[in-house]
Amino acid sequence: MTLLLDFNDPALLDVTLSGGKGANLARLTQGGFAVPPGFVLPPSAYLAFMADDVGFAQKLQSLPVQDPAALERACQALCGQLAQMPLPEALRAEVEAALAKFPPGTAFSVRSSATAEDMGGAAFAGQHETFLNCVGVDDVLARIRGCWVSLWSARAVSYRLQAGIGLTDTAMAVVVQKMAFNRVAGVGFCINPVTGCPSEQVIDANYGLGESVVSGEYPVDHWVLDKKTGEVADAVIACKTGQVVSGANGTRIETLSDDLAAQPCLTPADLAALSGLMRRIEAFYGYPQDIEWGFEGDRLWLLQARPITRIPPRWTRDESAERFPSVITPLAWDLVEEGFHQSLSHSFGLMGLPPFHGKWFALFDNYVYGNQHAVEVYAEGTANSLNVRSVAELVAALPVLRKRYAWVQELPLTWSRDLDRYLLGLGELMAEPLAGRPIPELWDYVLRVKRLGAEYFLPNIAISITQRTLYKLVFSIVQATVGAADAPACFDRLLAYCETKTGFVNKELYRLARKIEARPRVAGKIRSLSAQEFLASGGFDQEPDIGSVFRRFLQDHGHREVEFDPYHPTWLEAPWLVVENLKMMLDSGLQDPAEKERSLKIGMLETERQLIAGLPEPLRFPVQELLRLARVYTSLDDIEHYQTTRLTLPFRRGLRALGEAMRAQGVVDEPMDIFFAKADVLDETIRNDDDASWARLSQSIRREKAAYAKNRLRSPEWELGKAPVAYSAEGSLTGLPGSPGLATGPVYKVLSQDDFAAFPPGAVLVARTTNPAWTPLFYRASAVVTESGGPLSHGAVTAREVGLPAVMSVRGALEILENGEMITVDGMAGRVVLG
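Residues numbered from 1 in each chain as written. Predicted model: local features only at pLDDT ≥ 70, side-chain atom pairs only at ≥ 80, totals over all residues. Heavy atoms only, no water.

Some thoughts on the overall build of the protein chain
Moving on, step 1. The number of helices and strands found in the protein chain is 30 helices and 24 strands.
Moving on, step 2. Here the protein chain has a C-alpha radius of gyration of 32 Å; the compact-globule value for 835 residues is 28 Å, and the two agree.
Moving on, step 3. Overall, the C-alpha framework of the protein chain stretches about 100 × 70 × 55 Å when taken along its three principal axes.
Moving on, step 4. Going through the 835 residues of the protein chain one by one, you find that 54% of them count as buried.
Moving on, step 5. Accessible surface for the protein chain amounts to roughly 35600 Å². Of this, 55% is attributable to carbon and sulfur atoms. (Helix = DSSP H or I, 4+ residues; strand = E, 2+ residues; numbered from the N terminus. Rg over C-alpha atoms; globule rule 2.2 N^0.38 Å. Buried < 20%, exposed > 50% of the residue type's maximum accessible area, 1.4 Å probe, protein only. Areas by Shrake-Rupley, 256 points an atom, 1.4 Å probe, with all protein chains shown as cover.)

Written as structure tokens, this is what we have:
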């Protein structure tokens, strides 16, 4: 087996052979970028070197990893022993043959490339050795051994342990690369690494080799560029004190003249070339990178690229308002946040994107905000691969799309397979007796519910992202086929109807409402009383057949949530909410949903037939398959949410039992006040179990409950620290088109299902967002306006099915609009006209 591989060898794309740095250089070389040539010694060479130390594993077990000073001494001794070990005999011959391909006297850099390095999770910057200006086989071989030895320095060992990487879970590849004797070099970031702004690029540079920039030990010039145009948005030109240049034995520092030190080290032409290079790199990887580069004369070399591992946040409600429209209790958020972020990383892994580190969502004053910078970065990564501009381009892209999205075919099947385990787990939890159990056991029960939910939820964000991705791809195909003007209407018809659990539940409600309508006495009673009064006065007791259907409906679907937060009761605990839905259906005239479905299906299939007939033969099956998958994922996205809400029942059951035990101790006033505890404080208090800890917890719960009550009454600012958006110049509000049509009516703001009963027929429904439990309200509304969401949101999809105009993502609508105010909703234009 060869002990080294050239950058052009496809085998080097495997990170287990080349390490993170080597794989990136091979990928960039094979992607057509100007990379100085070189080769990689794979980990097999390192393992052959280490094979001579038969007792090495035992030495690692005895490392004092908890004592930094002792670890430093032990690692120094270990590195000293490794530095004396002989190199494999075959290595010298192979390195000598590789160097012979270059002119005599060529200088090389020798860099470590650990197999856990530059993988998105840990950058390993500066942890392992790099050697510059190495000339001749003896020098290069000595530096290769130096790289291998550096894997066991104290700083490298500590870094791996802190990053969660086992001591034996990494090996060392080594990159040997022709030196570029740069006149100027530095680093570049495809987003602003300080602010997180995705529309900016940042460049740091200095004369000479890039080590003066990477080390951070010298003043450097700094530019911020507009990513789209490459224009300079900001520049700080340093008084540079020195440059790193090649010396006889590596590198040396050279002092700059005063004139040169004060001048920008990059020209406008240099900056334009770098900006263009960073745009190409980001498009190539589908994700922003930080790069190392250098100008050798007029030649711009790309020396390294790796994914940016941290994205500074800009907290907004853009991504969160639809999922989390209302206030959320602290414990509810603590119990779901970890599982959500695990699912997010799993989803990005499926899509070939780097894992996200940090928080995508975070809770501020009981409202959930999203890191909009991260949203834009990852959305750009998926959009780059889906921008199909012509039919010919689509034909050419098919092989890549098939390979990249092969997992999309399997995900619905694996999700369905794993659903059984989740449902069985829920059944076991719901059957588990809780009465009389001590507080630690009740808390453990809640944590087991959390773990089951996180395991089930792991692929669910991938389902939502895939649905959006498929919609984007289908839309780009439709646009390339029928033209930009006709694409939106054609796209809406193609995806006008999908079988969903929400639709099935609504049809069951419709059939129950029809039964009630046929019994004038009970129908009149429902209409004349509030839902709670109706149930308190006997409900369906006088109509046992209807009562049986009603109870079965609650058994089947009673886990449906009113709010995301399990602090709120479900239909099973608040059956009057179902009665309110039935009441609205009775008042709306009971339009048969089956007739509407039939009309949508006919239009959808006819539109699909016409689209497919106009495509070249090689595209007909792929496009039909994409349409099928888009509909499958629409249904799957709905049913996974339906099944996710089943977690509310065991969460409420466990937390109520825990709250009752805490009320008996005087910690809370009401059992469900437990939701105002913070998980880490609650966990620590249960473990400490002393009077002082319980007293602090009790005070914290009361403070959080008071803050929750206050925050519930206000509309959250859309972007933290930024003034809200007011009226547009034309006296109208703008948002995203959700459902076509034009309607005028009085505003009625709906904050929760408590507002359903008073909703006047013909009013415009204005809300933060809607969810499936709100669907019957659409049959009374004339139009829909929401502060969040888009064309794929529940409100938009339901509005299209019912035939209502809808405008989504109208920021500040609840603050600006008043109940009774007349507005006109233009769903096609995405505009709300006031007055």
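A short note on the sheet that holds strand β16 (residues 367-371)
Moving on, step 1. Ordered by their spatial adjacency, 3 strands build an open sheet running β14-β16-β15, and the pairing between neighbours is antiparallel. Each having just a single partner strand, β14 (315-316) and β15 (361-364) make up the two edges of the open sheet.
Moving on, step 2. With 4 bridges joining them, β15 and β16 adopt antiparallel strand pairing. In the sheet register, Leu363 faces β16, and the bridge partner there is Val368.
Moving on, step 3. Across the face of the sheet, helix α11 (residues 330-350) comes into contact with β15 and β16 while running at roughly 165 degrees to β15. (Pairing = 2+ DSSP bridges. Contact = heavy atoms within 4.5 Å. Axes fitted to C-alpha atoms, helices over the stretch in contact; angles between N-to-C directions.)

With respect to empty space enclosed by the protein
Moving on, step 1. Applying the stated rule across the entire model yields 6 cavities of 30 Å³ or more.
Moving on, step 2. Here the largest cavity defines a volume of roughly 80 Å³.
Moving on, step 3. Lining the largest cavity we find Tyr471, Leu495, Ala496, Tyr497, Cys498, Thr500, Thr634, Val797, Arg800 and Glu801.
Moving on, step 4. It is helix α29 (residues 794-802) that contributes the most residues to the lining of the largest cavity, 3 residues altogether.
Moving on, step 5. Counted by class, the lining of the largest cavity contains 6 nonpolar, 2 polar and 2 charged residues. (1 Å grid on protein atoms, 1.4 Å probe; cavity = no way out; pocket = protein on both sides within 12 Å on 5 of 7 lines; lining within 4 Å. Points joined across faces, edges and corners; volume = space filled by probe spheres on them. Nonpolar A, V, L, I, M, F, W, Y, C, P; charged D, E, K, R; others polar.)

What to know about the sheet that holds strand β23 (residues 822-826)
Moving on, step 1. Taken together, 8 strands build an open sheet; the order of strands is β17-β24-β23-β19-β20-β21-β22-β18 and the sheet is mixed. Every interior strand has two partners, whereas the edge strands, β17 (732-734) and β18 (736-739), have only one. Strand-to-strand twist of the sheet, defined as the mean angle between neighbouring strand axes without regard to direction, takes the value 30 degrees.
Moving on, step 2. Two strands pair when backbone bridges link them, and strand β19 (residues 742-749) and strand β20 (residues 764-767) are joined in this way by 3 bridges, in the parallel orientation. Among the inter-strand pairings, Tyr748 is bridged to a residue of β20, identified as Leu765.
Moving on, step 3. Sheet contacts for α29: β18 and β22 (806-808); angle to β18, the most-contacted strand, approximately 45 degrees.

Topic: the pairing of β20
Moving on, step 1. Residues Val764 and Val766 of β20 are buried on one face, and the alternating residues Leu765 and Ala767, pointing to the opposite face, are buried as well.
Moving on, step 2. Both β20 and strand β21 (residues 783-786) contribute to a ladder of 4 bridges, which runs parallel. Bridged to Val764 within β21 is Ala783.

Let's talk about the packing of helix α5 (residues 89-99) against helix α6 (residues 137-150)
Moving on, step 1. Here α5 crosses α6 at 120 degrees, and the two axes come no closer than 10 Å. If you check the angle between α5 and α6, you find them oblique. In terms of crossing hand, the pair formed by α5 and α6 is right-handed. On the side of α5, the interface is formed by Leu91, Arg92, Val95, Glu96 and Leu99, while α6 contributes Val137, Asp138, Val140, Leu141, Ile144 and Trp148.
Moving on, step 2. Its residues placed into classes, the contact of α5 with α6 shows 8 nonpolar, no polar and 3 charged. (Parallel < 35°, antiparallel > 145°, perpendicular 65-115°, else oblique. Left-handed = near helix turned anticlockwise from the far one by under 90°.)

Describing helix α15 (residues 439-457)
Moving on, step 1. For α15, with 19 residues, the first-to-last C-alpha span of 27 Å sits near the 27 Å given by 1.5 Å per residue.
Moving on, step 2. Along α15, the positions that sit buried rather than exposed are Ile439, Leu442, Trp443, Tyr445, Val446, Leu447, Val449, Leu452, Gly453, Ala454, Tyr456 and Phe457. (Expected span 1.5 Å × (residues − 1).)

Thoughts on the nonpolar core
Moving on, step 1. Counting 101 residues, the largest nonpolar core has Trp360, Tyr378, Trp443, Leu658, Met662 and Leu682 as the members making the most contacts within it.
Moving on, step 2. If we ignore the near neighbours within four places in the chain, the residues touching Tyr378 are Tyr287, Ile311, Phe348, Leu353, Pro354, Pro355, Phe356 and Trp360.
Moving on, step 3. Val579, Phe756, Ala806 and Met808 belong to the second-largest nonpolar core, a separate cluster that totals 44 residues. (Core = buried A, V, L, I, M, F, W, Y, C linked by side-chain atoms within 4.5 Å.)

Some words on the environment of Gly370
Moving on, step 1. Note on placement: Gly370 falls in strand β16.
Moving on, step 2. Residues Gly370 and Gly795, spaced 425 residues apart in sequence, show a C-alpha to C-alpha distance of 20 Å.
Moving on, step 3. With residues near it in sequence (within four places) discarded, Gly370 still touches Arg314, Trp315, Thr316, Ser320, Trp360 and Phe361.

Some words on the pairing of β19
Moving on, step 1. Relative to β23, β19 runs antiparallel, the two being bridged by 5 bridges. Considered in β23, the bridge of Thr744 is made with Thr824.

A short note on the state of the cysteines
Moving on, step 1. For the structure shown, the criterion picks out 0 disulfides.
Moving on, step 2. Among the cysteines around Cys190, which has no disulfide bond, Cys197 carries the closest sulfur, lying 13 Å off.
Moving on, step 3. Residue Cys490 stays outside any disulfide, its sulfur separated by 15 Å from that of Cys498, the closest cysteine. (Disulfide = S-S within 2.5 Å.)

Concerning the pattern of salt bridges
Moving on, step 1. Under the defined criterion, the tally for this structure stands at 40 salt bridges.
Moving on, step 2. The closest approach of N and O atoms between Glu376 and Arg314, which form a salt bridge, is 3.1 Å. Here the residue Glu376 occupies a position in helix α12 (residues 372-383), and Arg314 occupies one in the loop between β13 (299-307) and β14, the gap between them amounting to 62 residues.
Moving on, step 3. Judged by its relative accessible area of 32%, Glu376 is partly exposed.
Moving on, step 4. Connected via shared salt-bridge partners are Glu432, Arg437, Glu441, Asp444 and Arg448. (Salt bridge = Lys/Arg side-chain N within 4 Å of Asp/Glu carboxyl O.)

Side note on unusual backbone geometry
Moving on, step 1. Of note, the phi angle at Asn133 is positive, near 55 degrees, even though the residue is not glycine.
Moving on, step 2. Looking at the element boundaries, Asn133 is found in strand β4 (residues 130-135).
Moving on, step 3. If you check the backbone angles, Ser809 has positive phi at about 55 degrees while not being a glycine.
Moving on, step 4. As for its position among the elements, Ser809 is in the loop between β22 and α30 (813-816).

Examining the packing of aromatic side chains
Moving on, step 1. The tally for this structure, following the rule as stated, stands at 30 aromatic pairs.
Moving on, step 2. Judged by centre distance (5.2 Å) and plane angle (85 degrees), the rings of Phe356 and Trp360 are edge-to-face.
Moving on, step 3. For Trp360, a relative accessible area of 6% translates into the label buried.
Moving on, step 4. Here a set of aromatic residues connected by ring pairs shows up, and it is made of Tyr287, Phe348, Phe356, Trp360 and Tyr378.
Moving on, step 5. For Arg299, the ring lying beneath its charged end belongs to Trp301, and the centroid distance is 4.4 Å.
Moving on, step 6. Cation over ring: Arg317 sits above Tyr369, and NZ or CZ is 5.9 Å from the ring centre. (Phe/Tyr/Trp six-rings, centres within 6.5 Å; stacked < 30°, edge-to-face > 60°. Lys NZ or Arg CZ within 6 Å of the ring centre and 35° of its normal.)

Remarks on the environment of Ala574
Moving on, step 1. With respect to the helices and strands, Ala574 occurs in the loop between α21 (544-557) and α22 (576-588).
Moving on, step 2. You can call Ala574 buried: its relative accessible area is 1%.
Moving on, step 3. Ala574 sits 85 residues away from Ala489 along the chain, and the two C-alpha atoms are 40 Å apart.

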